[in-house]
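Single-letter residue listing:
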Amino acid sequence: MRKPRWWAESALLALVYAGYSCGRLLARGDEGTAVGHGVSILRWEERFGLDAEHPLNRLFTDVPALGVPADFVYASLHYLVTPAILVWLFRRRPAHYRAARTWLMLSTLLGLVGFTLLPTCPPRLLDPAHGFTDTMAQYSAYGWWGGEASAPRGLGGLTNQFAAMPSLHVGWALWCGVMLWRYGRTPAAKAAGVLYPLVTTVVVLGTANHYLLDAVAGAAVMGAGLLLAPYALRFGARWRGAAEAPPVVSGGWETSAGELIPGQRSVRTSADDTPERGFPRSSEAESLGKTR
């Protein structure tokens, strides 16, 4: 299989991410619907004792030594670690890069479908009566973000704050963890593969950016992308094979090196290697054989 070209991969990933970002903005949904979905998720979790986001958010709110680093993790690693893992795979594990990239892209597009069908208000934007504090707003003086998720101050309008279900923070972190665990060769890499998705899950819950079910949905989306990736890879291989098929010569006759096209005369040369009259030069014959 031909090794992916870095410039083609960069263009493809940029195109997919741009489409994903624009899709998120177009799939905002109305506030009332998003709040209703968020409250429904929270009530369902409370009914079954799954609302882990409540105690974690109180802890991060009361202990700045935990809350401030958590905000930095939420606002930065999602956009740094995933591209770094892609570059590492491309350079050091090229045999596995295409499958890993396809898995990540498909899962990301499935997440966009979730944002469109189920716009969800995150816990931090619910009425204060529900008991959540927006730690990103509380500790905004420590970072570059304002009171609108992790967007830089003044750029909150460029993000969709109702794109909470599923959590691609958790989904992408899970993908990174699997890549580090499978293809990392040191104990430190494998340990990071386990810790990174776990830490990310705790962070998104503690900062009140996601519900526990958002995190579960993020993992489910990655699972669906993993199941679909082999089909996408086979389709891509067939498409590339058709695009790169060699031309057929002589009206449908295919020849191998040294084989004659029907009706073609053999080449005879004289002692001084000069073709006799009526025959092509030996170099031309060799070239013809190579093109068949």
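Details of the structure are given in the entry above.
Here, residues in each chain are numbered from 1, in the same order as that chain's written sequence. Only residues with pLDDT of 70 or above have their local features reported here, since the model is predicted, and side-chain atom pairs are shown and tallied only from 80 upward, although totals for entire chains, interfaces and linings are computed over all residues. Side-chain calculation: all heavy atoms of the structure are included, whereas hydrogens and water are not.

A. Quick look at the overall build of the chain. Runs of E in the DSSP output that reach at least two residues are strands. Runs of H or I that reach at least four are helices, and both are numbered from the N terminus. Along the chain, the regular secondary structure elements total 10 helices and 0 strands. Each residue is placed in one exposure class: buried if its accessible area under a 1.4 Å probe, protein chains only, is under 20% of its type's maximum, exposed if it is over 50%, and partly exposed if it falls in between. For the chain, with 292 residues in total, the buried portion stands at 41%. The contact criterion used is simple: two residues touch if any of their non-hydrogen atoms lie within 4.5 Å. Within the chain, counting contacts between residues at least 6 apart in sequence, those at least 24 apart form 77% of the total. By element, 64% of the accessible surface of the chain is carried by carbon and sulfur atoms, the whole surface being about 16,100 Å². Note on areas: these come from Shrake-Rupley sampling with a 1.4 Å probe, and a residue is covered only by the protein chains present in the view.

B. Layout of the side chain of Thr-207. By the secondary structure assignment, Thr-207 is in the loop between helix H8 (187-206) and helix H9 (212-243). The exposure class assigned to Thr-207 is buried, which follows from its relative accessible area of 0%. Counted as a polar contact is a pair of N or O atoms within 3.5 Å, where, for protein atoms, one must be capable of donating a hydrogen and the other of accepting one, and residues adjacent in sequence contribute only when both atoms are in side chains. A polar atom in the side chain of Thr-207 sits 2.8 Å from the side chain of Asn-209. Leaving out residues up to four positions away in the same chain, Thr-207 has contacts with Asn-57, Phe-60, Ala-70, Asp-71, Tyr-74, Arg-124, Thr-133 and Thr-135.

C. The arrangement of the packing of aromatic side chains in detail. Here the aromatic set is Phe, Tyr and Trp, taking the six-membered ring for Trp, and pairing holds for ring centres within 6.5 Å; pairs whose planes are under 30 degrees apart are stacked, those over 60 apart are edge-to-face, and all others are tilted. Counted under the stated rule, the structure contains 4 aromatic pairs. With a centroid separation of 4.6 Å and an interplanar angle of 40°, the aromatic rings of Trp-44 and Phe-48 are classed as tilted. Accessibility expressed as a relative area gives 39% for Trp-44, which makes it partly exposed. Judged by centre distance (6.2 Å) and plane angle (70°), the ring pair of Tyr-139 and Tyr-142 falls under edge-to-face. With relative accessibility at 4%, the residue Tyr-139 sits in the buried group. For Tyr-142, a relative accessible area of 54% gives the class exposed. Ring-over charges, as used throughout, are those where CZ of Arg or NZ of Lys falls within 6 Å of the ring centre and within 35 degrees of the ring normal. Positioned over the ring face of Tyr-231 is Arg-234, at 4.9 Å from the centre of the ring.

D. Spatial organisation of the pattern of salt bridges. By convention in these notes, a salt bridge is any Lys or Arg side-chain nitrogen within 4 Å of a carboxyl oxygen on Asp or Glu. Taken as a whole, this structure holds 1 salt bridge when the rule is applied. Across the salt bridge formed by Arg-124 and Asp-134, the nearest N and O atoms sit 3.4 Å from each other. Of this pair, Arg-124 sits in the loop between helix H5 (94-117) and helix H6 (135-138) while Asp-134 is found in the loop between H5 and H6, placing the two residues 10 residues apart along the sequence. Using a relative accessible area of 7% as the deciding quantity, one classes Arg-124 as buried. Using a relative accessible area of 13% as the deciding quantity, one classes Asp-134 as buried.

E. Here's a closer look at the nonpolar core. Core analysis: the largest hydrophobic core is formed by 22 residues, its most contacted members being Ile-85, Leu-89, Trp-103, Leu-104, Trp-175 and Met-179. Only helix H4 (64-92), H5, helix H7 (168-183) and H9 provide two or more residues apiece to this core. When residues of this core are assigned to their parent elements, the largest contribution, 8 residues, is made by H7. For Trp-175, the contacting residues outside a window of four places in its chain are Thr-82, Ile-85, Leu-86, Leu-89, Ala-100, Trp-103, Leu-104 and Met-222. Counting residues in each nonpolar core, the second largest holds 12 residues, with Leu-126, Met-165, Ala-208 and Tyr-211 among its members. In this text, buried Ala, Val, Leu, Ile, Met, Phe, Trp, Tyr and Cys residues form a nonpolar core when linked through side-chain atoms within 4.5 Å.

F. Main features of the packing of H7 against H8. Only the contacting stretch of a helix is used when fitting its axis, a line to C-alpha atoms as for every element, and angles between N-to-C directions run 0 to 180 degrees. Two elements in contact, H7 and H8, have axes separated by 7 Å at closest approach and are oriented at 170°. Between H7 and H8, the angle falls in the class roughly antiparallel. Taken together, the residues of H8 that come into contact with H7 (itself represented by His-169, Val-170, Ala-173, Leu-174, Cys-176, Gly-177, Leu-180, Trp-181 and Arg-182) are Ala-189, Lys-190, Ala-192, Gly-193, Val-194, Tyr-196, Pro-197, Thr-200, Thr-201 and Val-204. Per-class residue counts for the contact of H7 with H8 are 12 nonpolar, 5 polar and 2 charged. The scheme is simple: roughly parallel for angles under 35 degrees, roughly antiparallel for over 145, roughly perpendicular for 65 to 115, oblique for anything else. Three classes are used, and their members are as follows: Ala, Val, Leu, Ile, Met, Phe, Trp, Tyr, Cys and Pro are nonpolar, Asp, Glu, Lys and Arg are charged, and the others, Gly among them, are polar.

G. Inspection of the environment of Leu-168 at higher detail. Position of Leu-168 among the secondary structure elements: in helix H7. Since its relative accessible area comes to 4%, Leu-168 is described here as buried. Between the C-alpha atom of Leu-168 and that of Thr-108, which follows or precedes it by 60 residues, the distance is 7.4 Å.

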